[in-house]
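Spelled out from the first residue to the last, the chains are:
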Amino acid sequence: MVEELPKACWLVAAIMFAAATVVYGQQEPCFFVFGDSMSDNGNNNNLKSEAKVNFSPYGIDFPQGPTGRFSNGRTIPDIIAELSGFKDFIPPFAGASPEQAHTGMNYASGGSGLREETSEHLGDRISIRKQLQNHKTAITKANVPAERLQQCLYTINIGSNDYINNYFMSKPYNTKRRYTPKQYAYSLIIIYRSHLKNLYRLGARKVAVFGLSQIGCTPKIMKSHSDGKICSREVNEAVKIFNKNLDDLVMDFNKKVRGAKFTFVDLFSGGDPLAFKFLGFKVGDKSCCTVNPGEELCVPNQPVCENRTEYVFWDDLHSSEATNMVVAKGSFDGIITKPYSIAQLVKE
């Protein structure tokens, strides 16, 4: 634990410089969001899925209440949109008007992963492959100019479920028996590379690629793969391999793909719950809302903590709005990104 403490510096810096974060007038013509439950803002609401949260107490601190966001308030993309100068939150693809493709859509889906079978035990979800298909359909139908698409901001946060709801879940999955952690990470990166190439072909040039957080430190994984009090080293070590490969992939894209300005967002360094104590977070090992044993989502309409800004996690897997704010500002200001800050992508 002690050797992890210096990595908390980006978290501390994010708070120290929060007041200096510049909120821009909207300079990007559009913003497109891809990913899983960390970014989903309602795309799963009408799916036959256990991975949906359009009920109280989710959204208790969000102006519109429960919308399908897996948090008590705003998500990371919501806050990035605000910092980028967008007047409104980027709407979910589900139910959005065709014209919305000119200013942005959110395609993210809770439970989604890089692998098609990931989270299949939860029911319907929109894989990253399908999200890209939806994006292609949307921009084609709306006839969005290629020049405009090249000026847009894109974020993609995917891969956590490939570990939580696949590799480290023995039933109904067998990937852990088939792959070593190194082999599995490599297999995921091959899929990721293909999707990033596809996104580039669809016009994306300014892309923030989010690495995985220390998912071994989520309450869910601490209970299932540790003693409930400390992080799972096994899970975090596997994620670390994936992150290193993804970081290399992003750097490789910038070197070899013309016009690409991709940036890697490091969610892992400093992500140990102990590190959050430097910021005033007091609870990092359990959820703010009521979660039934063996589950990960909040129980509908049950009590939640009052001091929500002091909790790292909202439920047993997803971060609180307070945590999302730290991460969003850190990525926007470039404290946890390389080689570009999201602010730089927005201004260019």
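Residues numbered from 1 in each chain as written. Predicted model: local features only at pLDDT ≥ 70, side-chain atom pairs only at ≥ 80, totals over all residues. Heavy atoms only, no water.

**As for the overall build of the chain**
Part 1: Within the chain, the secondary structure is distributed over 12 helices and 7 strands.
Part 2: Here the C-alpha atoms of the chain give a radius of gyration of 19 Å, agreeing with the 20 Å that 2.2 N^0.38 yields for 348 residues.
Part 3: Each principal axis of the C-alpha atoms in the chain carries an extent, and together these give about 55 × 45 × 40 Å.
Part 4: Pairs at least 24 apart in sequence give 74% of the contacts found in the chain among residues at least 6 apart.
Part 5: When the accessible surface of the chain is summed, it comes to about 14600 Å², and 52% of that surface belongs to carbon and sulfur atoms.
Part 6: Taken as two groups, the 40 positive and 35 negative side-chain charges of the chain have centres that lie 6 Å from each other. (Helix = DSSP H or I, 4+ residues; strand = E, 2+ residues; numbered from the N terminus. Rg over C-alpha atoms; globule rule 2.2 N^0.38 Å. Contact = heavy atoms within 4.5 Å. Areas by Shrake-Rupley, 256 points an atom, 1.4 Å probe, with all protein chains shown as cover. Lys, Arg positive; Asp, Glu negative; His and termini not counted. Charge placed at Lys NZ, Arg CZ, Asp CG, Glu CD.)

**As for the environment of F89**
Part 1: Along the chain, F89 turns up in the loop between α2 (76-83) and α3 (128-141).
Part 2: Take F89: its relative accessible area is 25%, and that puts it in the partly exposed class.
Part 3: As a C-alpha pair, F89 and M105 span 16 residues in sequence and 9.4 Å in three-dimensional space.
Part 4: When neighbours within four sequence positions are excluded, F89 is seen to be in contact with F62, R69, R74, D78 and E82. (Buried < 20%, exposed > 50% of the residue type's maximum accessible area, 1.4 Å probe, protein only.)

**A closer look at the nonpolar core**
Part 1: F32, Y163, Y192 and F242 are the most contacted members of the largest nonpolar core, which totals 51 residues.
Part 2: Counting 22 residues, the second-largest nonpolar core is a separate cluster that includes I90, I336, I342 and V346. (Core = buried A, V, L, I, M, F, W, Y, C linked by side-chain atoms within 4.5 Å.)

**A look at the environment of D252**
Part 1: Along the chain, D252 turns up in helix α9 (residues 233-256).
Part 2: For the pair D252 and A204, spaced 48 residues apart in sequence, the C-alpha to C-alpha distance is 16 Å.

**As for the sheet that holds strand β1 (residues 31-35)**
Part 1: Read across the open sheet, the 5 strands follow the order β1-β2-β3-β4-β7; overall the sheet is mixed. With partners counted over all chains shown, the strands left at the sheet margins are β1 and β7 (337-338), one partner each.
Part 2: Sheet topology places strand β3 (residues 206-210) next to strand β4 (residues 261-265); 5 bridges connect them, and they run parallel. What sits directly across from V209, in β4, is F264.
Part 3: Together, β1, β2 (153-157), β3 and β4 form the strand contacts of helix α7 (residues 181-201), whose direction differs from that of β3 by roughly 160 degrees. (Pairing = 2+ DSSP bridges. Axes fitted to C-alpha atoms, helices over the stretch in contact; angles between N-to-C directions.)

**Re the side chain of N166**
Part 1: The residue N166 is located in helix α5 (residues 160-167) in this model.
Part 2: At a separation of 3.0 Å, a polar atom in the side chain of N166 contacts the side chain of T118. (Polar contact = N/O pair within 3.5 Å; in protein donor to acceptor, adjacent residues only side chain to side chain.)

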